[in-house]
Amino acid sequence: MKVIREIKTNELNKLLELYTHLHELGVPENTEHLEKTWNTICNDENHHIIVSEIEGKIVSSCVCVIIPNLTRNIRPYAFIENVVTHTDYRGKGYATACLNYAKEIAQKADCYKMMLLTGSKNDKTLDFYKKSGYNSEYKTAFIQWL
């Protein structure tokens, strides 16, 4: 049975393991910095980590951050990041379900838009985002790595 929900505070290790299917080379060492960052995320009402769970296993996830804004009639916007599905579960709608849940969060927060960036040039990945309602026609993204 598929369950779409926000992550629980005791599921950090499950999430970090899933992130190895994104671009991480391994699970980071459990340090004070990791714990502090996790606590900051968990205590931020605007930071949502959405997961798709199958039989107790987290198989897909995305992050949705609601960003307060002073333009667009003082309406916030949502930023989507870290969209990932375990390689064994891809193509089954789990990431789509996570993105749809994120959209519900953004709508409840009265966001005027949702944005995401992808480093992928893979047509299958880009088509997935287009089918999920995103487009690359209206904005140009620039990144400065620090």
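As shown above, the structure is provided for reference.
The structure contained in this document is the topic of the report that follows. Keep in mind that what you see is a predicted model, and the values were worked out from it rather than measured.

## Some remarks on the packing of helix H1 (residues 12–19) against helix H2 (residues 32–42)
Right, on to step 1. At a minimum axis distance of 12 Å, the contact between H1 and H2 shows a crossing angle of 105 degrees. It follows from the interaxial angle that H1 and H2 lie roughly perpendicular. Note on element contacts: H2 touches H1 through Leu34, Glu35 and Trp38, opposite Leu12, Leu15 and Leu16.
Right, on to step 2. Here the residues of the contact of H1 with H2 sort into five nonpolar, no polar and one charged.

## Considering the state of the cysteines
Right, on to step 1. One pass over the structure, following the stated rule, counts zero disulfides.
Right, on to step 2. For the unlinked cysteine Cys98, the closest cysteine sulfur is that of Cys62, found at 5.2 Å.
Right, on to step 3. With no disulfide of its own, Cys111 has Cys64 as its nearest cysteine by sulfur position, at a separation of 6.7 Å.
Right, on to step 4. On the basis of relative accessibility, which here comes to 11%, the residue Cys111 falls in the buried class.

## What to know about the sheet that holds strand E2 (residues 47–54)
Right, on to step 1. If you walk across this open sheet you meet the five strands as E1-E2-E3-E4-E5, and the pairing is mixed. Either end of the sheet is taken by a strand with one partner, and the two such strands are strand E1 (2–6) and strand E5 (114–116). In this sheet, adjacent strand axes meet at a mean angle of 25 degrees when their direction is disregarded.
Right, on to step 2. Bridge count between strand E3 (residues 57–67) and strand E4 (residues 77–85): seven bridges; the pairing is antiparallel. Pairing of Cys64 across the sheet is with Ile80, part of E4.
Right, on to step 3. The strands touched by H1 are E2, E3 and E4; relative to E3, the strand with the most contacts, the crossing angle is about 95 degrees.

## A short note on the nonpolar core
Right, on to step 1. Grouped together as the largest cluster of nonpolar side chains are 17 residues, with contacts concentrated most on Ile50, Cys62, Cys64, Ile66, Ile80, Val83 and Leu99.
Right, on to step 2. Among the elements that line this core, the one with the most residues is helix H3 (residues 94–108), at six residues.
Right, on to step 3. If we skip the residues at most four places from it in the chain, Ile50 touches Ile4, Arg5, Glu6, Ser60, Ser61, Cys62, Cys64, Cys98, Tyr101, Ala102 and Ile105.
Right, on to step 4. Listed in part, the 13 residues of the second largest apolar core include Ile7, Leu12, Leu15 and Leu34.

## As for H3
Right, on to step 1. If you check H3, its first and last C-alpha atoms are 21 Å apart, about what 15 residues at 1.5 Å a residue would give, namely 21 Å.
Right, on to step 2. Looking only at H3, the buried set comprises Tyr94, Ala95, Ala97, Cys98, Leu99, Ala102, Ile105 and Ala106.
Right, on to step 3. If you follow the buried residues of H3, they end up packed against E1, E2, E3, E4, E5 and helix H4 (123–131).
Right, on to step 4. Of the residues one or two after H3, Asp110 is the one with positive phi, at around 65 degrees.

## Thoughts on the packing of aromatic side chains
In this description, a pair of aromatic rings is defined by centroid distance and the angle of the planes.
Right, on to step 1. A full pass over the atoms with the stated rule returns three aromatic pairs.
Right, on to step 2. Note on Tyr89 and Tyr94: the rings are 6.2 Å apart at their centroids and 65 degrees apart in plane angle, and the pair reads as edge-to-face.
Right, on to step 3. On the basis of an interplanar angle of 55 degrees and a centroid distance of 5.1 Å, the ring pair of Phe128 and Tyr129 is categorised as tilted.
Right, on to step 4. We classify Tyr129 as buried; its relative accessible area is 10%.
Right, on to step 5. The ring of Tyr77 carries the charged tip of Lys113 above its face, separated from the ring centre by 5.5 Å.

## Observations regarding the pattern of salt bridges
Right, on to step 1. Tallying each qualifying case throughout the model produces three salt bridges.
Right, on to step 2. For Arg5, the salt bridge goes to Glu53, with nearest N and O atoms at 3.0 Å. Of this pair, Arg5 sits in strand E1 while Glu53 sits in strand E2, and the two are 48 residues apart along the sequence.
Right, on to step 3. The exposure class assigned to Arg5 is buried, which follows from its relative accessible area of 11%.
Right, on to step 4. Accessibility expressed as a relative area gives 13% for Glu53, which makes it buried.
Right, on to step 5. Asp110 serves as the salt-bridge partner of Arg75, at 3.4 Å between the closest nitrogen and oxygen. You can see Arg75 sitting in the loop between E3 and E4 and its partner Asp110 sitting in the loop between H3 and E5, a full 35 residues away along the chain.
Right, on to step 6. Among the ionic contacts, a cluster of salt bridges with common partners joins Arg5, Glu11 and Glu53.

What counts and what doesn't
- Residues numbered from 1 in each chain as written.
- Predicted model: local features only at pLDDT ≥ 70, side-chain atom pairs only at ≥ 80, totals over all residues.
- Heavy atoms only, no water.
- Axes fitted to C-alpha atoms, helices over the stretch in contact; angles between N-to-C directions.
- Helix = DSSP H or I, 4+ residues; strand = E, 2+ residues; numbered from the N terminus.
- Parallel < 35°, antiparallel > 145°, perpendicular 65-115°, else oblique.
- Contact = heavy atoms within 4.5 Å.
- Nonpolar A, V, L, I, M, F, W, Y, C, P; charged D, E, K, R; others polar.
- Disulfide = S-S within 2.5 Å.
- Buried < 20%, exposed > 50% of the residue type's maximum accessible area, 1.4 Å probe, protein only.
- Pairing = 2+ DSSP bridges.
- Core = buried A, V, L, I, M, F, W, Y, C linked by side-chain atoms within 4.5 Å.
- Expected span 1.5 Å × (residues − 1).
- Phe/Tyr/Trp six-rings, centres within 6.5 Å; stacked < 30°, edge-to-face > 60°.
- Lys NZ or Arg CZ within 6 Å of the ring centre and 35° of its normal.
- Salt bridge = Lys/Arg side-chain N within 4 Å of Asp/Glu carboxyl O.

The analysis is restricted to geometry; functional conclusions fall outside its scope.
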